[in-house]
Amino acid sequence: MLKTIETIDIVGLGALGVMYADFFTKKLGKENVRVLADGERIERYQKEQVTFNGEVCDFQYCDAKKESRPSELMLFAVKYGALETAMQENAHLVGDDTVLLSVLNGIRSEDDLGQRFGRGKVVHCIAQKMAAMKEGNAAFCTNKGELAVGVLDGGRSENLAAVKDFFDRTGFTYSCPADMRHAMWGKLLCNVGVNQTVSLFEGTYRSVQQEGEAREMMKAAMRETILVANAEGVDLSEKDLSEWVSVIDGLNPDGEPSMRQDSKAGRKTEVALFAGTICELGKKYGIDTPVNDRFLEKFQK
C-alpha cells in the first residue's frame, strides 16, 4: 500500500526554503506546513516579516523543541555548515516513517542524513533550473525550477513513490533522472565551475558567458571535477560539460549564483562542498586540482 504524505516540514528559510514553504503553504494550507526553527529565530521572523516576491508570507512557525508530532516529509534547506545543528534540533521529529529530502548543494548532505537517521529514509534530491535569491528576509524567484528526485543504494523505492505522489497531488514540478548519481555529479560539475568562478571574479553570470579568462577557468574547474568523478566510477564527460555550459549561457547575465551572494554578504561560502570535495578526492586518487585548490585557498575560512 502506497504511503501517503499529507504534511511537510521545512527546515531553513534561505531563498529555497522560503520558496518551498510559500508554495506548499498555499497548496496545502498553513496548518499542514510547519516551518521548524528555534524560538529566537521564529521571533525574529515574525517581527521582521519574511516576504516572497514582495508578498508577506503567512507561515506556521513552530519551535522544533516544543513539537512532538513526527514529520511525514522533512525538507532540509539550510546551508551545509548549519546541517549538523539542524539535524540535532529536529532529530526527535524523525520517526520510523519520516521521509527526508535535502535541497543543499553538493553531494554530501544525503550521506550525512543517512548516517544520522538511516539511508532508507533519504530520497536523494537536486534543486535545479531555478533562479532564486534572498536579501535580508526578502526572497525572490523568477523561475522556481524543479527538484530531481531518486534513490541510491540503500534507499527505499516506496519512499520515492510517496514523494512523487505528494508532488503530483500538489502540482509541484519534479523529474526522476534515470541515473540519479550521475545527475547529482552533473549538478556538482555545474556548481564547481560557475559558483566559484563568478565569486572569484566578483562578477555575475556574464563573467563566464563571454569568452575570456573567467570562462576558461570555469571550464578548467569542471574538467577537474570530471577527472575525480571518473575515478569515483561516475561517467561524466566533455558532453556533460558542454550541456551544463549551455545551461549557464542561458542564465540571466545580471544574475548571481548563491556562492557569490554569500561572499558579497560576508557569509561563509559553500566552497567546502565544491572545491573541498574535488580537492579531497583529487588527493585520494592522485589527481591534480590546481584550479579548485585556488578556490579553496581563496574562500575557505
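Structure shown above.
Per chain, residue numbering runs from 1 following the sequence as it is written. Per-residue local features of the predicted model are confined to residues with pLDDT of at least 70, and side-chain atom pairs are confined, for both listing and counting, to 80 or more; whole-chain, interface and lining totals are unaffected and use all residues. Based on all heavy atoms of the structure, the side-chain values leave hydrogens and waters out of the count.

Draft legend 1. Region of interest: the sheet that holds strand β11 (residues 146–150). Here, any two strands with at least 2 DSSP bridges between them count as paired. Where helices and strands are cited, they refer to DSSP runs of H or I of at least four residues and of E of at least two residues respectively, numbered from the N terminus. What the three strands build is an open sheet, ordered β8-β11-β12; its pairing is mixed. What marks the edges here is a single partner per strand, and that holds for β8 (124–128) and β12 (174–175). Relative to β11, β8 is paired through five bridges, and the arrangement is antiparallel. Its bridge partner lying in β11, Gln128 is registered against Glu146. Only heavy atoms matter for contacts: two residues are in contact if any of them lie within 4.5 Å across the pair. A fitted line through C-alpha atoms serves as each axis, taken over the contacting stretch for helices, and the angle formed by two N-to-C directions is quoted from 0 to 180°. Sitting on the sheet, helix α5 (residues 157–170) is in contact with β11 and β12, with an inclination near 155° to β11.

Draft legend 2. Fine view of helix α6 (residues 180–200). Its 21 residues place the ends of α6 30 Å apart at the C-alpha level, agreeing with the 30 Å of an ideal helix rising 1.5 Å per residue. The quantity called bend is, for any residue, the angle between two axes fitted respectively to the seven residues ending at it and the seven beginning at it. Taking the largest bend as the criterion, α6 deviates by roughly 25°, centred on Asn191. Exposure is judged per residue with a 1.4 Å probe applied to protein chains only, and the accessible area is read against the type maximum: over 50% gives exposed, under 20% gives buried, and values in between give partly exposed. A large share of α6 lies buried, amounting to 19 of its 21 residues. N or O atoms closer than or at 3.5 Å make up a polar contact, with two conditions inside protein: a donor-capable atom paired with an acceptor-capable one, and, for residues adjacent in sequence, both atoms drawn from side chains. Looking at where α6 begins, the residue whose side-chain oxygen comes 3.3 Å from the main-chain nitrogen of Arg181 is Asp179. In the segment just after α6, Glu202 is the residue with positive phi, at about 50°. The span one expects for a helix is its residue count, reduced by one, times 1.5 Å.

Draft legend 3. Structural detail: the packing of α6 against helix α11 (residues 275–285). At their nearest, the axes of α6 and α11 sit 10 Å apart, and the two run at 110° to each other. Here α6 lies roughly perpendicular to α11, going by the angle between them. Two secondary-structure elements touch here, α6 through Trp185, Leu188, Val192 and Gln196 and α11 through Ala275, Thr277, Ile278 and Leu281. Along the lines of polarity and charge, the residues of the contact of α6 with α11 split into six nonpolar, two polar and no charged. Note on angle classes: values under 35 degrees are labelled roughly parallel, values over 145 roughly antiparallel, values of 65 to 115 roughly perpendicular, and the remainder oblique. We call Asp, Glu, Lys and Arg charged. Ala, Val, Leu, Ile, Met, Phe, Trp, Tyr, Cys and Pro are nonpolar, and the rest, Gly among them, are polar.

Draft legend 4. How the structure looks around the layout of surface pockets. Only protein atoms enter the 1 Å grid used here. Points where a 1.4 Å probe fits but cannot escape make up a cavity, open sets with protein on both sides within 12 Å along at least five of seven lines make up a pocket, and a residue lines them when an atom lies within 4 Å of a point. Grid points are joined across faces, edges and corners, and a volume is the space filled by probe spheres set on the points. Its volume calculated, the second largest pocket comes out at about 510 Å³. If you trace the second largest pocket, you find 19 residues lining it, with Ile107, Asp111, Leu152, Arg181 and Trp185 closest to the centre. Listing elements by their share of the lining of the second largest pocket, those giving two or more residues are α4 (109–117), α6 and α11. Here the element with the most residues in the lining of the second largest pocket is α11; it accounts for four residues. Taken together, the residues of the lining of the second largest pocket sort by class into six nonpolar, four polar and nine charged.

Draft legend 5. Looking closely at unusual backbone geometry. Phi at Gln49 takes a positive value of approximately 70°, unusual for a residue other than glycine. Residue position: Gln49 is located in the loop between α2 (39–48) and β3 (51–52). You can call Gln49 partly exposed: its relative accessible area is 42%. Of note in the backbone geometry, Asn53 takes a positive phi value of approximately 50° without being a glycine. With respect to the helices, strands and loops of the structure, Asn53 is situated in the loop between β3 and β4 (55–56). Given a relative accessible area of 41%, Asn53 falls into the partly exposed group.

Draft legend 6. Focus on the sheet that holds strand β10 (residues 138–143). Taken in spatial order, the four strands line up as β4-β3-β10-β9 in an open sheet, and their pairing is mixed. Every interior strand has two partners, whereas the edge strands, β4 and β9 (131–135), have only one. Looking at chain direction, β3 and β10 are connected through two bridges and run parallel. Pairing of Phe52 across the sheet is with Ala139, part of β10. Taken strand by strand, helix α1 (residues 15–28) contacts β3, β4, β9 and β10, and its axis lies near 105° from that of β9.

Draft legend 7. Just the pattern of salt bridges, in detail. Whenever Lys or Arg places a side-chain nitrogen within 4 Å of a carboxyl oxygen from Asp or Glu, that contact is recorded as a salt bridge. Counting across every chain of the model gives 21 salt bridges. The salt bridge partner of Arg267 is Asp262, with a shortest N-O separation of 2.9 Å. A cluster of three or more residues bridged by salt bridges with shared partners is formed by Glu6, Asp165 and Arg169.

Draft legend 8. Just the environment of Met130, in detail. Of note, Met130 is situated in the loop between β8 and β9. In the structure, Met130 is positioned 60 residues away from Cys190 in sequence and 13 Å away in space, judged by C-alpha atoms. If near-sequence neighbours (up to four positions away) are discounted, Met130 is found in contact with Leu16, Met19, Tyr20, Asn143, Lys144, Gly145 and Glu146.

Draft legend 9. Region of interest: empty space enclosed by the protein. By the definition in use, this model includes one cavity of 30 Å³ or more. In this model, the largest cavity occupies a volume close to 80 Å³. In terms of lining, the largest cavity is formed by Val103, Leu104, Asn105, Gly106, Cys125, Ile126, Ala127, Met184, Lys187 and Asn191. Sorting the residues of the lining of the largest cavity by element identifies β8 and α6 as the ones contributing at least two each. Tallied by class, the residues present in the lining of the largest cavity amount to six nonpolar, three polar and one charged.

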